[in-house]
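If you want the building blocks of each chain, they are given just below.
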Amino acid sequence: MKGRSLLMIPGPIEFEPDVLSALGEPTPSHLAPAFLDAFGGALASMREAWLCPSGQPLVVAGSGPFAMELAAANLVEPGDRALVVSTGVFGDRFVDLLGRHGAEVTALSADVGGGVDLNRIEDAARKTKPRLLTVTHVDTSTGVRMPIAEIGALARRHGAISVIDGVCSVAGEEIRQEAWQLDVVLTASQKAIGVPPGLALLVAGPRALERFEARKQPVRSYYADWSKWLPVMRAYEARTPSYFGTPPVNLICALSVSLRQILEEGMDVRFVRHEKLSRAFQAGVDALGLCQVPADSTWRAHTLTACYLPDGIGVSPFVRAVGSAGVVIAGGLHPDIRERTFRVGHMGAVRAGDILAALGAIETGLREVGMASLPGAGVAAAARTLAGISGD
Ligand code: PMP
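Residues numbered from 1 in each chain as written. Predicted model: local features only at pLDDT ≥ 70, side-chain atom pairs only at ≥ 80, totals over all residues. Heavy atoms only, no water.

1. Digging into the packing of helix H10 (residues 267–287) against helix H13 (residues 377–386)
Following both chains from N to C, one finds H10 and H13 inclined at 150 degrees, their axes separated by 7 Å at the closest point. The orientation of H10 relative to H13 falls into the category roughly antiparallel. Both H10 and H13 take part in a crossing whose hand is right-handed. On the side of H10, the interface is formed by Lys276, Leu277, Arg279, Ala280, Ala283, Gly284 and Ala287, while H13 contributes Ala377, Gly378, Ala381, Ala382, Thr385 and Leu386. (Axes fitted to C-alpha atoms, helices over the stretch in contact; angles between N-to-C directions. Helix = DSSP H or I, 4+ residues; strand = E, 2+ residues; numbered from the N terminus. Parallel < 35°, antiparallel > 145°, perpendicular 65-115°, else oblique. Left-handed = near helix turned anticlockwise from the far one by under 90°. Contact = heavy atoms within 4.5 Å.)

In C-alpha cells:
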C-alpha cells in the first residue's frame, strides 16, 4: 500500500507533475533573465487564458481573499455605492470587504442553492446606481454557478465596473472576459489554474484601469495598491527587472508551466471537458439518490458538485469513509447546510477516470455509513454519460 489518495476537494486540486517539478527547481533570483522570461510569459499567457487581449494581468502572493481585496481596494472609494450578488459564503464576503474599503453596499442574496435572476440584478442596479457590481461566478459553498455572459453589459448600462470572483471558475468554466465586457476577473492559483496555493491573480480591463487612475483618494491598502504592482507587472512583461515585494518565484515558475499546458489544451476544449465531466459526475450522484444543493440544474457549476446527505447520516463519518476508500472529498461549508452536505471538486487536471474513482469511493462511503445503494449504480450512470449514452 503506497498510501496514495486522489484529492477531489474544490481546491487545492491534483496538480500536473510538470507543475510540481517546476516548483521544486532551485529558486532563481527574482531578477534573473530566466525568471523575467517565466514571469513575463505567464502574464502574457493570462491574457490568452482569460480571453482578454486588452487586459492588464496582475499576479501577487496571496490566496483567494487577497485577489478579492486586490480588486476591492483599488476600485472603490469611501462613499461609493456597490452592489454585491451573493450565492453563498464567498459572495457574502464581498459585503464585508467592500464595506471595509468605505463602500455603501447593497447585497442581492439568493436562497441557498439558488441563483440570482438577471432581471433582479438589473432592477437593483437601476435603483442603487452602483459604481461597482460584484458577482461570484461559482460559489464553492453552494456549487451555484451564475450566468455572467450578460453581467459586463448590464454593469456598463448602469455605469458600474464589473468584478467577477472567478476563484472557482477561471480556466474551468467558460469565461470570455473581453467579449463579455467584464472589467475584472480574479482567481487564485490552487483551483482550475492548477498551481499550489499562494498566488492571487486577476486581469483588469481598460475601464477598470481608467476607474483606478481617476481615483481621488489614495488606496487604503498598502500591499494591494495597484500603483505599487502595475509598474512591476509591466516591467516583467518587458523583461526588465523591477521590485516592490519579492515575488513568489517558484510559484510563478510553476504558473508559467501550468498556463502553457492550459493554452496547449485550448480554452474551448477545456471548457467543454469541464462541462462533460461535471455532467457525468452529477449523473452519478443522481443515480445514487443524492440531491444536489442547486436543485435546479441550470445553476449547477462545472467545477464542483455540492450534495445533501440523507437525514441521519453524519457528514464527518461519511467523508472519512470516502477517504478510507482512497478519495479525499470536502464536507459542507455554508453555515446553513454545513452538517448535511459534502462537496467534490472536479476541475483542472481532472480526467474521466477520476470521476469514476470518486463515485466508486462515494458509493463505498455511503454503504459504510448505512445507506444502501446498488453497487456500481453511480459509476455506471457516469460511464454512460461519458459514453454519450442516455436512457436513465
Ligand atoms: N472566492 C471563491 C468563489 C472561492 O471559492 C474561494 C475559496 N474556495 C475563495 C474566494 C477564497 O479563496 P481561497 O481558497 O484561496 O481562500
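Alright, that's what it looks like, and here's the rest.
2. Considering the environment of Gly102
Note on placement: Gly102 falls in the loop between helix H4 (89–100) and strand S4 (104–109). Along the backbone, Gly102 and Asp80 are 22 residues apart, and their C-alpha atoms lie at a distance of 7.3 Å. Sequence-distant contacts of Gly102, defined by excluding residues within four places in its chain, comprise Glu77, Pro78, Gly79, Asp80 and Arg220.

3. Regarding the sheet that holds S4
Pairing is mixed across the open sheet formed by seven strands, whose spatial order is S2-S10-S9-S8-S5-S3-S4. Looking at strand neighbours, the two that pair on one side only are strand S2 (56–61) and S4, the edges of this open sheet. Taken pair by pair, the neighbouring strands of this sheet meet at an average axis angle of 15 degrees, ignoring direction. Bridge analysis of strand S9 (residues 184–188) against strand S10 (residues 199–204) gives five bridges, and the strand direction is antiparallel. (Pairing = 2+ DSSP bridges.)

4. Topic: the nonpolar core
Within the largest apolar cluster, 101 residues are counted, with the highest numbers of intra-cluster contacts made by Trp50, Ile121, Leu133 and Trp226. Counting the residues that make up this core, at least three belong to each of domain 1 (6–10 + 266–387) and domain 2 (17–265). Ignoring anything within four residues of it in the chain, the contact list for Trp226 reads Leu58, Leu70, Asn74, Leu75, Val184, Leu202, Ala204, Ala208, Leu209, Phe212 and Pro231. (Core = buried A, V, L, I, M, F, W, Y, C linked by side-chain atoms within 4.5 Å. Buried < 20%, exposed > 50% of the residue type's maximum accessible area, 1.4 Å probe, protein only. Domains from an automatic or database assignment.)

5. Some points on the site of the ligand
Not every one of the 13 residues close to the ligand is listed here, only the nearest: Gly64, Thr140, Asp165, Gln190 and Lys191. Separating an oxygen atom of the ligand from a backbone N or O atom of Gly64 is a distance of 2.6 Å. In the environment of the ligand, a nitrogen atom lies 2.5 Å from a nitrogen or oxygen atom belonging to the side chain of Lys191. Expressed as a share of its isolated accessible area of 380 Å², the protein-covered part of the ligand is 86%. At three residues, helix H3 (residues 64–75) tops the list of elements feeding residues into the shell around the ligand. A class-by-class count of the residues in the shell around the ligand yields six nonpolar, five polar and two charged. (Near = heavy atom within 4 Å. Polar contact = N/O pair within 3.5 Å; in protein donor to acceptor, adjacent residues only side chain to side chain. Areas by Shrake-Rupley, 256 points an atom, 1.4 Å probe, with all protein chains shown as cover. Nonpolar A, V, L, I, M, F, W, Y, C, P; charged D, E, K, R; others polar.)

6. So, the domain arrangement of the protein
Annotation of the protein at the domain level lists domain 1 (6–10 + 266–387) and domain 2 (17–265). Here the C-alpha centroids of domain 1 and domain 2 sit 28 Å apart. For the pairing of domain 1 and domain 2, the buried interface totals around 2,500 Å² over both sides, and the portion due to carbon and sulfur atoms is 59%. Summed over the three residues of domain 1 that lose the most area to domain 2, namely Met267, Phe271 and Trp299, the buried surface amounts to 28% of that side. Linking domain 1 to domain 2 there are three salt bridges. On the surface where domain 1 and domain 2 come into contact, there are 16 residue pairs in polar contact (both at pLDDT 80 or more). (Buried area = accessible area lost by both parts, 1.4 Å probe. Salt bridge = Lys/Arg side-chain N within 4 Å of Asp/Glu carboxyl O.)

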